[in-house]
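Remarks on the overall topology
If you want the building blocks of each chain, they are given just below.
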Amino acid sequence: MPSPAPGDSASTTDRKFPCPSCGAKLDFDPTRRALACPYCGTAQPIVEAEGEVRERDWDEYWRNAEAAEATIAGRSSEVQCRACAAVVLLEDKLVTDKCPYCGDDLENKPVSAHSMIVPEGILPFKVDQKKAVAAFRAWVESRWFAPSDLKKMANLGQLNGIYVPYWTFDSQTATHYTGERGDNYQETETYTEMETTTSTDAQGQTTTSTRPVTKTRTVTKTRWSHARGYVEHPFDDVLICASKSIPVGLIQQLEPWDLPSLEPFQAPFLAGFQTERYSIGLKEGFEKARAIMDGHIRVLCCQDIGGDHQRLHSVNTDHHQISFKHNLHPVWYAPYRYREKVYQIAVNARTGEVVGTRPYSYWKPFLIVLAVLGTIGAIAGIAALVGAVMK
Ligand SMILES: [Zn+2]
Ligand SMILES: [Zn+2]
């Protein structure tokens, strides 16, 4: 039997988190690790939930998938962005919102949140917006080719705090493979080369003659032999981002995530932040994880074959004891448009690391090249002048 979904317990089913002093909505404050009131300053620290972050058994989940799904407390509705297809889980009573990924207005009507695999684990926001904006500014400043408009934008500090969905997969793998092992050996071979010699006789007459000469050299060759074998490998926490709205190349740059710090999910961590519903489902996520594992298994098979070279003909892997987790990772994110193109900035809200795509300002390096050419020209001119005077 699947245990009750985290975040669904009686204590957290309240639709939002009201301030006990003034009734305003409490938001999660990363610096204090507390639900804090922006008006009266009341803060309620969030204590880490007891127990380990649970991993779900794959087979058990699929035996009764629907019953194992639920909704997240405090996120009773969801809305899909028409532009980038992200499904944003809305905070209760918040009706309209901008898409945190592409900045478009969420024009679709919010609908009741569909049940889903609720998160098992969470990395709570640790870097607050102020620090994220500072990191973002420093990043822009260090980019010499960034256009000045981008620097202006950095000053606006428009960063969205999003919990991005991730899957992790564990699997015990057993692989039978067939292939070939290549062992190098040295061989001495003879070859013929034309050699030209020049000789001078007693009369000072020079003669040049060309004749074939037989030589030897050592060459490396490879002897191939049939190979087959069996490799077992346990995979732990193969990480797959379950969002389709952040470019893959960008989100991967935010790694590594401090997965050992993952803690059991609690809904109050989401208060005041956007949360995306995974758009890469469990099966698709596992396919992606399997591709990563396959690549690693092929390397292990080659190591098992040994020798100097390896070829793999067939690799058949069985996966056992697959388990998975749905986790939320904190990201500060800013989509921005520059001359009709969309770029993104993302900050890992655990480490403060900034990654981004940006337009290049071509005139800046161009002007510098011009300046350098101008200087060279001036020096050449002066040199020519000095040369003329010296004559
Ligand atoms: Zn208050
Ligand atoms: Zn969008």
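Our structure is the block above this text.
Since the structure is predicted, the reported quantities are computational estimates derived from the model, not experimental observations.

**Concerning the coordination of the zinc ion (ligand 1)**
Ligation of the zinc ion (ligand 1) by protein atoms is provided by Cys19 (SG), Cys22 (SG), Cys37 (SG) and Cys40 (SG), these donors lying 2.2 to 2.3 Å from the ion. Written as a sequence motif, the donor arrangement for the zinc ion (ligand 1) is C-x2-C-x14-C-x2-C. On the criterion of sequence distance, the pair formed by cysteine 19 in the segment before strand E1 (27–29) and cysteine 37 in the loop between strand E2 (34–36) and strand E3 (43–45) is long-range, its members being 18 residues apart. By relative accessible area, cysteine 19 is classed as buried at 4%.

**So, the pairing of strand E5 (residues 77–80)**
Regular strands show a simple pattern: their side chains alternate between the two faces of the sheet. One ladder, built from four bridges, connects E5 with strand E6 (residues 87–90); its direction is antiparallel. In the sheet register, glutamate 78 faces E6, and the bridge partner there is leucine 89. The hairpin formed by E5 and E6 contains six residues between the paired strands, and alanine 85 there has a positive phi angle of roughly 75°. As defined by bridge partners, E5 adjoins strand E7 (residues 111–112) across two bridges and the pair is classed as antiparallel.

**Observations concerning the side chain of threonine 168**
With respect to the helices and strands, the residue threonine 168 is situated in strand E9 (residues 160–200). Exposure remark for threonine 168: the relative accessible area of 0% places this residue in the buried category. At 3.5 Å, the side chain of threonine 168 and the side chain of aspartate 237 are in polar contact. Setting aside residues up to four positions removed in sequence, threonine 168 forms contacts with Asp237, Val238, Leu239, Ser323, Phe324, Lys325 and Asn327.

**With respect to the pattern of salt bridges**
In this structure the tally under the stated criterion is 19 salt bridges. For aspartate 105, the salt bridge goes to lysine 98, with nearest N and O atoms at 2.8 Å. Taking relative accessible area as the criterion, aspartate 105 reaches 47% and is therefore assigned partly exposed. Between lysine 215 and glutamate 195 there is a salt bridge, with its nearest N and O atoms 3.6 Å apart. Within this pair, whereas lysine 215 is found in strand E10 (residues 206–241), its partner glutamate 195 is found in strand E9, the two being separated by 20 residues in sequence. A relative accessible area of 26% places lysine 215 in the partly exposed class.

Criteria and thresholds
- Residues numbered from 1 in each chain as written.
- Chains lettered and ligands numbered in written order.
- Predicted model: local features only at pLDDT ≥ 70, side-chain atom pairs only at ≥ 80, totals over all residues.
- Heavy atoms only, no water.
- Donors = N, O, S within 2.8 Å, 3.2 Å for Na, K, Ca; no water.
- Helix = DSSP H or I, 4+ residues; strand = E, 2+ residues; numbered from the N terminus.
- Buried < 20%, exposed > 50% of the residue type's maximum accessible area, 1.4 Å probe, protein only.
- Pairing = 2+ DSSP bridges.
- Polar contact = N/O pair within 3.5 Å; in protein donor to acceptor, adjacent residues only side chain to side chain.
- Contact = heavy atoms within 4.5 Å.
- Salt bridge = Lys/Arg side-chain N within 4 Å of Asp/Glu carboxyl O.

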